Amino acid sequence: MDAVQDPTLWQTLGQLLQTLLTLLMQLASLGFLWLLWIVWGAWCLWGVNWHRARAYLANGAWVPAILSMLLIAIVWSRLDSRACGCIGVAIPNFWWQLGYVGMLAGIAMFCGWLQSVLHWTPHELNLEPPAHGDGHGHDHGHHDHAPSHGHGHGGHGHDASHSHH
């Protein structure tokens, strides 16, 4: 019997394809479950300059950060007022939200530590427009270099402040 015509080979390939599809679906659902953690970790590692942030935190920015964490946990506990049985023990409302927010802060601090150990900082993005460096030293809002077309305005046809007596 020819191997191409063997029905068990096609059944095995079909089972393999079905198993791979099941695996991909489980990985996608797991990835979706952990999406917040993955995105947060990626942002904290590659989007935050922890060398600069550490200086701000050392100068007192840790106080509003802690207060923000508490406020987020309080608001979240009012929006979702159930206890959490996620570790086998019922964790009361507010405390599990505070723990969750604390874990996100812990991931951020770990990413900052990792950046310092690896001596790595993300690329600095300059969101300011580039400085005008053509050397003319004039304001582009004022059009003095328009040629005069015999209108008697000396290139200031748009300026109504000139009085002609």
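Residues numbered from 1 in each chain as written. Predicted model: local features only at pLDDT ≥ 70, side-chain atom pairs only at ≥ 80, totals over all residues. Heavy atoms only, no water.

### Digging into the confidence of the model for the protein chain
Detailed conclusions should not be drawn from predicted coordinates in areas where pLDDT is low.
Argument step 1. When the pLDDT values of the protein chain are averaged, the result is 82; 77% of them are 70 or greater.
Argument step 2. Helix 3 (residues 50-79) holds the highest mean pLDDT among the elements of the protein chain, 95, whereas helix 1 (residues 7-33) holds the lowest, 89.
Argument step 3. Across residues 150-165 the pLDDT falls below 50, and counting only partners more than four positions away or on other chains, this stretch makes 10 contacts in the model. (pLDDT = per-residue confidence, 0-100. Helix = DSSP H or I, 4+ residues; strand = E, 2+ residues; numbered from the N terminus. Contact = heavy atoms within 4.5 Å.)

### Considerations on the packing of helix 2 (residues 35-46) against helix 4 (residues 95-117)
Argument step 1. Helix 4 packs onto helix 2 with a crossing angle of 35° between their chain directions and a minimal axis gap of 9 Å. Viewed along their axes, helix 2 and helix 4 form a crossing whose handedness is right-handed. Contact residues: Leu36, Trp37, Trp40, Gly41, Cys44 and Leu45 in helix 2; Tyr100, Met103, Leu104, Ile107, Ala108, Cys111, Leu114 and Gln115 in helix 4.
Argument step 2. By residue class, the composition of the contact of helix 2 with helix 4 is 12 nonpolar, two polar and no charged. (Axes fitted to C-alpha atoms, helices over the stretch in contact; angles between N-to-C directions. Left-handed = near helix turned anticlockwise from the far one by under 90°. Nonpolar A, V, L, I, M, F, W, Y, C, P; charged D, E, K, R; others polar.)

### Some thoughts on the packing of aromatic side chains
Argument step 1. For the structure shown, the criterion picks out six aromatic pairs.
Argument step 2. Look at Trp76 and Trp96: their rings are 5.1 Å apart centre to centre, the planes differ by 70°, and that puts the pair in the edge-to-face class. One end of the pair, Trp76, is in helix 3; the other, Trp96, is in helix 4, and 20 residues separate them in sequence.
Argument step 3. When its relative accessible area of 12% is taken as the criterion, Trp96 is described as buried.
Argument step 4. Put simply, the rings of Trp34, Trp37, Trp76, Trp96 and Tyr100 pair up and form one aromatic cluster. (Phe/Tyr/Trp six-rings, centres within 6.5 Å; stacked < 30°, edge-to-face > 60°. Buried < 20%, exposed > 50% of the residue type's maximum accessible area, 1.4 Å probe, protein only.)

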